[in-house]
Every structure is written in structure tokens, then in C-alpha cells.
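Tertiary structure, described
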Amino acid sequence: MGTSRTGTAGAASRISVSRTGKAAPATRTGRKAPLFVSPILPLDEILVGDCIAALEKLPPESVDVVFADPPYNLQLESALTRPDHSLVDAVDDDWDKFASFADYDAFTRAWLLAVRRVMKKNATLWVIGSYHNIFRVGATLQDLDFWILNDIVWRKANPMPNFRGRRFTNAHETMIWASKGADAKSYTFHYEALKAGNEDLQMRSDWFIPLCTGEERLKGEDGKKVHPTQKPESLLARILLSSSNPGDVVLDPFFGTGTTGAVAKRLGRHFIGLERDPTYAAAARRRIDSVEPLSDLSVAAPPEKRAEIRVPFLSLIEGGYVKPGETLVDERRRHRATVRADGTLALPGNIVGSIHKVGALVQGLPACNGWTFWHVERGKALTCIDTFRAKVRETMAG
Ligand SMILES: C[S@@+](CC[C@H](N)C(=O)[O-])C[C@H]1O[C@@H](n2cnc3c(N)ncnc32)[C@H](O)[C@@H]1O
């Protein structure tokens, strides 16, 4: 196996590819303490050069989310062929080669430390990998005090077969999602929105998403893939929708062809891309420039249920919206219950319970949202008690 790089040594050239695609002058830096830490974030830019050198120049605690697709260290010993002897387009690039596991671990530790410094307190980090590297990355993350929140299995809808028939079809990759530490509890996670988009079921940690193919796959003039490991945009979209907000800064230290940047722009997030190969960086710039951002309404952060102020039913009585002794009815006036002074409801036979419990009981159901089930009669009209809850909330927020 070639050992063209160790991943930890050597200087880095940093060329910023601006939105116009023009390269700014290069500067050189080593891996030791940076001479200059920029106070300004290079938002929506791609910095060409070694990611660790570039990271050291970014201001501390400045990014909201990191997505990292580092070298996998595939260790291919020989060319991979199909049964018809055609060559498989596997990753055999120099950027994926390391002399030893120790070298790979040192590289992983160095970039994770550099990333950690620029993460805001409640930022989260996603790292994607395969069995070749993800366990080593996971151990290093924990050694550096990152706190693993989940590991997500990206199940590939259309994986490459195992041509030699000596192992299982390798049909997934693993993503580790981590915060900066066990005490970083206010990280962004759009639990409710993900659930609502998943038929009201909690989003699971196994995601079934196709590989990047067809129109989405960047090809050169020769018709060949521009990059061997371009990730699908739908994978990045789910990541960013779940763990970031519009306007957030998303960092990708192994930018490749800029999948992270393209999706970030479409979803109204900022990105910072670091990539050492100028050809990939240029392809990424062209790709991102052609992306149209979605409208504000379609990407606005969803209101989180947990963020809403809790209102006890008793507050509606205290606020004069509902009176003790009054009767609540359902929308079709089939069920009735009496409001008690303490904020519970009563049914004949001295059955007492919350608006939810009594609502469920009268319908013979296991559960009920009492706020939307119960109404008060005002004249001939019915008013849902949830309307009063909204008014109380407004007063409380004010
Ligand atoms: C697995 S690929 C990322 C592909 C990317 N996610 C995409 O969708 O196109 C890893 C990328 O990291 C780059 N890379 C490797 N080592 C690097 C380093 N030390 N600094 C910056 N980029 C590096 C490689 O050139 C390669 O493009």
C-alpha cells in the first residue's frame, strides 16, 4: 500500500475559493500554533488546503454544526474487479492512504481537536465512516470527551454487491452524532418536526436512503465521476434539518465536491468548506453557485412543542375564561363534564380527573387531548378550550 501521506505532517496551502470561483492568494502555515486567528468567519467559502491548518485559523466557538466525511483508510491491497473482470471504481486515492492505524489515529485526533475548538458550546458533530475507520473515530471521540448522542446507520437502498462473494454485501455506513460533552444539553434537535415528517412516529436511527446517482452525481467532461465518495444530498438534508436552524454555520472539514455546502445553501444555512484538493473545491464551488435557496417559509425552524409555555387547565379558571360549575361538551355535544373549582372535571358517579383523562374515559379511548376535545357553550356557539389556552399563553409570554 502506498504511503504518500501520513495525515499529520506537512504544511498546508490555503486558497480561498470565493463565491465567484476565483482563488485568493495562498498563505502557508504549519500545524503548530497559528500565527493568525481570523476574527471573521469565512462564511459560504471553500478554503483550499489542509483542514487542520485552516481550522486553527478560525475563531473559537464559532460554528453550530460540523459534518465530517474523513478519509476512510480503506486499505485496498489490489484492484477490485467484477466477475466480468471490469474494474470497480473504488477509492484508491492518495488522500485515503495512511501508513498505519497509528498514523490514522494521530490524524483523527488532530482534526477532531481542531474541530472541537471551533465548535460552539452546544454545537454537535456528525462523522460518517465505514467499518474500516468508524470504530477508531468513535474511540478517539470518546477519548477527547465528546459525548456520543447516537450512531445512525445509513442503509443504502442500492449498495454495490460483494463481487468476490466472500463477505456480506456492505450495505450501510455509520454516522456518529456527538456533542462537545455530557454537560452540553442544549444542542439543536428538531424532535417534533422529524416525528411529524415521519407519520407521527419518532425518527429512528436507521435511515434508508439511496446512494448518490443520476443527475445528482457530478461527472467530468470524460463522463467519469468527479469524486469517488460524493454523498447523497438527502442524507445531508436530514442531518441539517434535524440538528441545525436557518442561519446556522455548518462546517465541513472534508468538503469534497461540496454536498454539505449545496444542501446548507438550499436550506438557508451558512457553510464553511475545507478541502485540500483544488479540483474538488472548484467543482464544489460551481455546484453550490447553481443552487437556489428554498423559500424562508419552507425552511423556517419549526416551533418546538417543548418550547411552548405549559398552561394548566386551572389557569383558565383563574383567568375567568371558564367558570367552576360550567359544563364542557365535545364538538358534537355527545359528551358532557362539569368543571370543578380545582381544575379537574367531574362525571356523574363522582368520577373526577384531568381534562385529558375524563375526555378519554367518556370516549372509551386510552388517551385524549382534552385541550382540543372539550368546548364551552357561549350562547349557541361552541368555543374550544384550546383557544383560551392560547390567550393565557400570550399573557404569560407578555
Ligand atoms: C470522503 S471525501 C468527502 C466527500 C464529500 N462528503 C462529498 O460529498 O463530496 C474526503 C475528502 O477529504 C479531503 N481531504 C483528505 N484529507 C484532507 C485534509 N487533511 N484536509 C482537507 N481535506 C482533506 C479529500 O481530498 C476528499 O475530497
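Above this note sits the structure.
What this report covers is the structure whose coordinates are included nearby.

1. Quick word on the environment of Pro161
- Secondary-structure assignment places Pro161 in the loop between strand 6 (147-156) and strand 7 (172-179).
- Pro161 sits in the partly exposed class, given a relative accessible area of 47%.
- Measuring from C-alpha to C-alpha, the distance between Pro161 and Ala171 comes to 8.4 Å, with 10 residues separating the pair along the chain.

2. Some points on the nonpolar core
- Residues Trp111, Leu125 and Leu251 are the most contacted members of the largest nonpolar core, which totals 33 residues.
- Counting only elements with at least two residues in this core, the list comes to helix 1 (51-56), strand 4 (63-68), helix 2 (101-118), strand 5 (119-129), helix 3 (134-143), strand 7, strand 9 (249-252) and strand 10 (270-275).
- Broken down by element, the residue count for this core peaks at 7 residues, all from helix 2.
- Once residues lying within four places of it in the same chain are set aside, the contact partners of Leu251 are Leu55, Leu58, Val63, Val65, Val66, Phe67, Val115, Val118, Ile272 and Leu274.
- In this structure, Trp154, Phe271, Val291 and Val299 belong to the second largest nonpolar core, which totals 31 residues.

3. Here's the deal with the environment of Ala68
- For Ala68, the location among the structural elements is in strand 4.
- The exposure class assigned to Ala68 is buried, which follows from its relative accessible area of 0%.
- Counting along the chain gives 58 residues from Ala68 to Trp126, while the straight-line C-alpha distance between them is 6.1 Å.
- Beyond its immediate chain neighbours, meaning those up to four positions away, Ala68 contacts Trp111, Trp126, Val127, Ile128, Asp252, Pro253 and Phe254.

4. Details of the packing of aromatic side chains
- Under the criterion given, the structure shown has 13 aromatic pairs.
- On the numbers, 5.0 Å between centres and 90° between planes, the contact of Phe98 with Tyr104 is edge-to-face.
- Residue Phe98 is classed as buried on the basis of its relative accessible area, which comes to 1%.
- Measuring from centroid to centroid gives 5.3 Å for Trp126 and Trp177, while their planes differ by 20°, and the two rings are stacked. Remark: Trp177 occurs in strand 7 and Trp126 occurs in strand 5; sequence separation between them is 51 residues.
- Looking at Arg136, its charged tip hangs above the ring of Phe101, at a distance of 4.2 Å from the centre.
- Sitting over the ring of Trp154, Lys156 keeps its end group 5.1 Å from the ring centre.

5. Remarks on helix 7 (residues 278-289)
- Helix length check: helix 7 (12 residues) gives 16 Å between terminal C-alpha atoms against 16 Å at 1.5 Å per residue, within 8%.
- A side-chain oxygen of the first residue of helix 7 lies 2.8 Å from the backbone nitrogen of Thr279; this N-cap is Asp277.

6. Brief notes about the side chain of Glu233
- Mapped onto the elements of the fold, Glu233 is located in helix 5 (residues 233-243).
- On the accessibility criterion, Glu233 (14% relative accessible area) is buried.
- A polar atom in the side chain of Glu233 sits 2.7 Å from the side chain of Arg266.

Cut-off values and rules
- Residues numbered from 1 in each chain as written.
- Predicted model: local features only at pLDDT ≥ 70, side-chain atom pairs only at ≥ 80, totals over all residues.
- Heavy atoms only, no water.
- Helix = DSSP H or I, 4+ residues; strand = E, 2+ residues; numbered from the N terminus.
- Buried < 20%, exposed > 50% of the residue type's maximum accessible area, 1.4 Å probe, protein only.
- Core = buried A, V, L, I, M, F, W, Y, C linked by side-chain atoms within 4.5 Å.
- Contact = heavy atoms within 4.5 Å.
- Phe/Tyr/Trp six-rings, centres within 6.5 Å; stacked < 30°, edge-to-face > 60°.
- Lys NZ or Arg CZ within 6 Å of the ring centre and 35° of its normal.
- Expected span 1.5 Å × (residues − 1).
- Polar contact = N/O pair within 3.5 Å; in protein donor to acceptor, adjacent residues only side chain to side chain.

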